[in-house]
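# Overview (structure and organization)
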Amino acid sequence: MMEVDIPLWAGIPATILLVLGGLLAVTGSAGLLRFRTFQSRIHAPTLGNTMGCACVLASSILVFSALSARPVFHEVIITLLLIVSSPVTAMLLMRAATYRNRLTKAEADKDAR
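Criteria and cut-off values
Residues numbered from 1 in each chain as written. Predicted model: local features only at pLDDT ≥ 70, side-chain atom pairs only at ≥ 80, totals over all residues. Heavy atoms only, no water. Helix = DSSP H or I, 4+ residues; strand = E, 2+ residues; numbered from the N terminus. Buried < 20%, exposed > 50% of the residue type's maximum accessible area, 1.4 Å probe, protein only. Contact = heavy atoms within 4.5 Å. Areas by Shrake-Rupley, 256 points an atom, 1.4 Å probe, with all protein chains shown as cover. Lys, Arg positive; Asp, Glu negative; His and termini not counted. Charge placed at Lys NZ, Arg CZ, Asp CG, Glu CD. UniProt positions renumbered as here; feature names shortened; annotations may be inferred. pLDDT = per-residue confidence, 0-100. Patch = residues over 30% accessible without salt bridge, like charges linked within 9 Å, V, L, I, M, F, W, Y side chains within 5 Å. Salt bridge = Lys/Arg side-chain N within 4 Å of Asp/Glu carboxyl O.

## A closer look at the overall build of the chain
Looking only at helices and strands, the chain features 3 helices and 0 strands. Helices (α) and strands (β) of the chain occur, in sequence order from the N terminus, as α-α-α. With respect to the principal axes defined by its C-alpha atoms, the chain has extents near 75 × 25 × 25 Å. Taking all 113 residues of the chain together, the buried fraction comes to 23%. Relative to all contacts within the chain whose residues are 6 or more apart in sequence, the contacts with residues 24 or more apart total 67%. Carbon and sulfur atoms provide 71% of the accessible area of the chain, an area that totals close to 8,500 Å². Mean positive and mean negative side-chain charge positions of the chain (10 and 6 charges, respectively) differ by 15 Å.

Here you go:
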């Protein structure tokens, strides 16, 4: 195994970003457990997932760019795909839940008559 020293100017911000990403992920998970309805449950993990992964990927970009002494861009593509796909998925799930709840309510109203 090769031992490579990470420069201090890259190591400290990378560590802060990793800890922040972990805290955001834990916060999103706690929101998933705490809230009662589907609509409120989906919001916290989506934000925690997106921001937590973005912090971890920013840390990875910083460390690998410092180690290779050139900008590393493949993590930027991962970050962009994550930022685009996670909110879109959450919106589609929310629309499906709203549509399902509307149909269930309409059937309950029809049965009550």
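Back to the write-up after that little detour.
## Topic: the UniProt feature "transmembrane region" (unreviewed entry) in the chain
Residues given the UniProt feature "transmembrane region" (unreviewed entry) here are residues 6-35, 47-67 and 73-93. Split by type, residues 6-35 is 90% helix and 0% strand. Its first and last C-alpha atoms lie 41 Å apart. From the first C-alpha to the last, residues 73-93 spans 31 Å; its make-up is 95% helix and 0% strand.

## Re the confidence of the model for the chain
Of all residues in the chain, 96% have pLDDT values of 70 or greater, and the mean over the chain is 84. Predicted confidence in the chain is weakest over helix H3 (residues 74-112), with a mean pLDDT of 81, and strongest over helix H1 (residues 8-34), with 90.

## Regarding the environment of Ala58
Secondary-structure assignment places Ala58 in helix H2 (residues 38-68). Classification of Ala58 by relative accessible area gives partly exposed; the value is 31%.

## Details of a nonpolar patch on the surface
Together, Val4, Ile6, Phe64 and Leu67 make up a nonpolar patch on the protein surface, roughly 350 Å² of accessible area in all. With respect to the helices, strands and loops of the structure, Leu67 is situated in helix H2.

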